[in-house]
Amino acid sequence: MSYSSADSFRPVTLDDVRGAQKMLSGVARVTAMEGSRHLSQMVGAPVHLKCENLQRTGSFKLRGAYVRIAGLLPEERAAGVVAASAGNHAQGVALASALLGVRSTVFMPKGAPLPKVSATRDYGAEVRLHGQVVDETLAAAQEYAAETGAVFIHPFDHPDIIAGQGTVGLEILEQCPEARTILVGIGGGGLAAGIAVAVKSLRPDVRVVGVQAAGAAAYPPSLAAGRPVSVENPATMADGIKVGRPGDVPFGIVGELVDEVRTVSEDELSAALLLCLERAKLVVEPAGASPVAALLSEPGAFEGPVVAVLSGGNVDPVLMERVLRHGMAAQGRYLAVRLRLTDRPGALATLLGALSVVDANVLDVSHVRTDPRLGLTEAEVELHLETKGPAHCAEVGQALREAGYTVIG
């Protein structure tokens, strides 16, 4: 399977996806399909998780990258390949190139997480750090391609890439033939387009739903306009789907075959990542958790059985810590409370004793004694507590009031 730049808009067919599946045999893993009892109870129908976070390189990106590079002509392979990415596509291109014996250069933003930079180098690519944002990195990679003759490997806007990603759809139908709804995150659209081609060709009755982060949702306005339009300054923690403009090739497929595109909030993404970790024991990046976020947003909106595609698990530990805190706060698992008490020896111990009765875990305590709003014998205390959820937060507040404390925030 090979496309020249002249036919980069050639339609992607089921035969293309099946050809990609044969090409990927022994290269990409057939990733697990895990059931989720918790989500199934919430949705009222079976929910299955397609675990592309357990794919080689930690995401689905290897599939498309390998098919694209394997389809190059000998003289193109000899010139090497170049890509631009903040993480997942970088690693997919690096490993695919190494497996095929092709030299690869990957441009990454200067602020790319160190684990992703290190992994890309370990897979064999020459990494060049350039620019502060992906657009600057992309421009540098394209300039490099023009200067050196290296083939630019686009992350989503090419038929080979889409055919490779479509193999996820074939696996879903093989592993869960009774599926009625498939949820998949959308950035540029390569994965959603590929899955839609595979699934709709074989099972047109299956509903394919795309999920975007609300702060980087270019597809809804693009679909409304009938052409790809750009979103200015896309902002979301889900860097895997933080794309300001749909790809031209996937846009046509998504518009024709994807039934609906939904958006989810940052709070919902955080809660979904936390749920995957706590209930499914799966490390998933925010973009990969977006289908779960859609289920949390409106669990009754999807006919089951439902398959949620966990597209990747490459999450920076620093971001993971921040997102988990955000997710716990969104679920009411953290409580910040300010109150006033008499400034005398033992007063804080008495307060902490009242909290221990209701099983609230104190994470942090700060005192204010010099605020002019305070009385001569008063102190203000701010507490950060870990709780069991909204009901427990209400119980803590009630216990403090019953103990005679004035809660002021």
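All figures in this text were calculated on a predicted structure; none of them were measured in a lab.

Visitor: How would you sum up helix α9 (residues 190-202)? Please name residues and give values.
Guide: Note: α-helices contain 3.6 residues per turn, so residues at a spacing of three or four share the same orientation. The end-to-end C-alpha separation of α9 is 19 Å, in line with the 18 Å expected for 13 residues at 1.5 Å each. The element α9 is largely enclosed, with a buried count of eleven among its 13 residues. Every buried residue of α9 is accounted for by G190, L191, A192, A193, G194, I195, A196, V197, A198, V199 and K200. The secondary structure elements touched by the buried residues of α9 are α1 (14-24), α8 (159-175), β7 (181-185), β8 (207-213), α11 (248-257) and β10 (306-310).

Visitor: Describe the environment of V30, and please don't skip the residues or the numbers.
Guide: Along the chain, V30 falls in the loop between α1 and β1 (33-35). Beyond its immediate stretch of four places on either side in the chain, V30 contacts K50, E171 and Q175.

Visitor: Break down the sheet that holds β1 for me, citing the residues and quoting the values.
Guide: Read from one edge of the open sheet, six strands run β1-β2-β10-β7-β8-β9, paired in mixed fashion. Looking at strand neighbours, the two that pair on one side only are β1 and β9 (260-264), the edges of this open sheet. This sheet shows a mean twist of 25 degrees between the axes of neighbouring strands, independent of strand direction. Here β7 pairs with β10 via three bridges, running parallel. Bridging from a neighbouring strand, L183 pairs with A308 of β10. Packing against the sheet, α8 makes contact with β1, β2 (47-51), β7 and β10, and its axis sits at approximately 140 degrees to β2. Sheet contacts for helix α13 (residues 290-297): β2, β7, β8, β9 and β10; angle to β10, the most-contacted strand, approximately 140 degrees.

Visitor: So, the packing of helix α5 (residues 88-100) against helix α6 (residues 114-122): which residues are in play, and what are the values?
Guide: Where α5 contacts α6, the axes come no closer than 8 Å and their chain directions differ by 15 degrees. What the angle tells us is that α5 and α6 run roughly parallel. The element α5 and its partner α6 pack so that their crossing is left-handed. Touching A90, Q91 and A94 of α5 are K116, A119 and T120, all from α6. In terms of residue class, the contact of α5 with α6 is made up of three nonpolar, two polar and one charged.

Visitor: Describe the pattern of salt bridges, and please don't skip the residues or the numbers.
Guide: With the rule as written, the count across this model stands at 13 salt bridges. Close ionic contact of D239 with K116 constitutes a salt bridge, the shortest N to O distance being 3.4 Å. Taken together, the residues span a long stretch of sequence, with D239 in the loop between α10 (219-225) and α11 and K116 in helix α6 at a distance of 123 residues. The partly exposed category is assigned to D239, whose relative accessible area is 32%. By relative accessible area, K116 is classed as buried at 6%. For the salt bridge of R207 with E260, the shortest nitrogen-to-oxygen distance reads 3.1 Å. Pair noted here: R207 is in strand β8 and E260 is in strand β9, with a separation of 53 residues, a long-range link. With relative accessibility at 36%, the residue R207 sits in the partly exposed group. Taken together, the shared-partner salt bridges in this structure form one network comprising K50, E52, R63 and E171.

Rules used in this analysis
- Residues numbered from 1 in each chain as written.
- Predicted model: local features only at pLDDT ≥ 70, side-chain atom pairs only at ≥ 80, totals over all residues.
- Heavy atoms only, no water.
- Helix = DSSP H or I, 4+ residues; strand = E, 2+ residues; numbered from the N terminus.
- Expected span 1.5 Å × (residues − 1).
- Buried < 20%, exposed > 50% of the residue type's maximum accessible area, 1.4 Å probe, protein only.
- Contact = heavy atoms within 4.5 Å.
- Pairing = 2+ DSSP bridges.
- Axes fitted to C-alpha atoms, helices over the stretch in contact; angles between N-to-C directions.
- Parallel < 35°, antiparallel > 145°, perpendicular 65-115°, else oblique.
- Left-handed = near helix turned anticlockwise from the far one by under 90°.
- Nonpolar A, V, L, I, M, F, W, Y, C, P; charged D, E, K, R; others polar.
- Salt bridge = Lys/Arg side-chain N within 4 Å of Asp/Glu carboxyl O.

Honestly, it's all geometry; don't read function into it.
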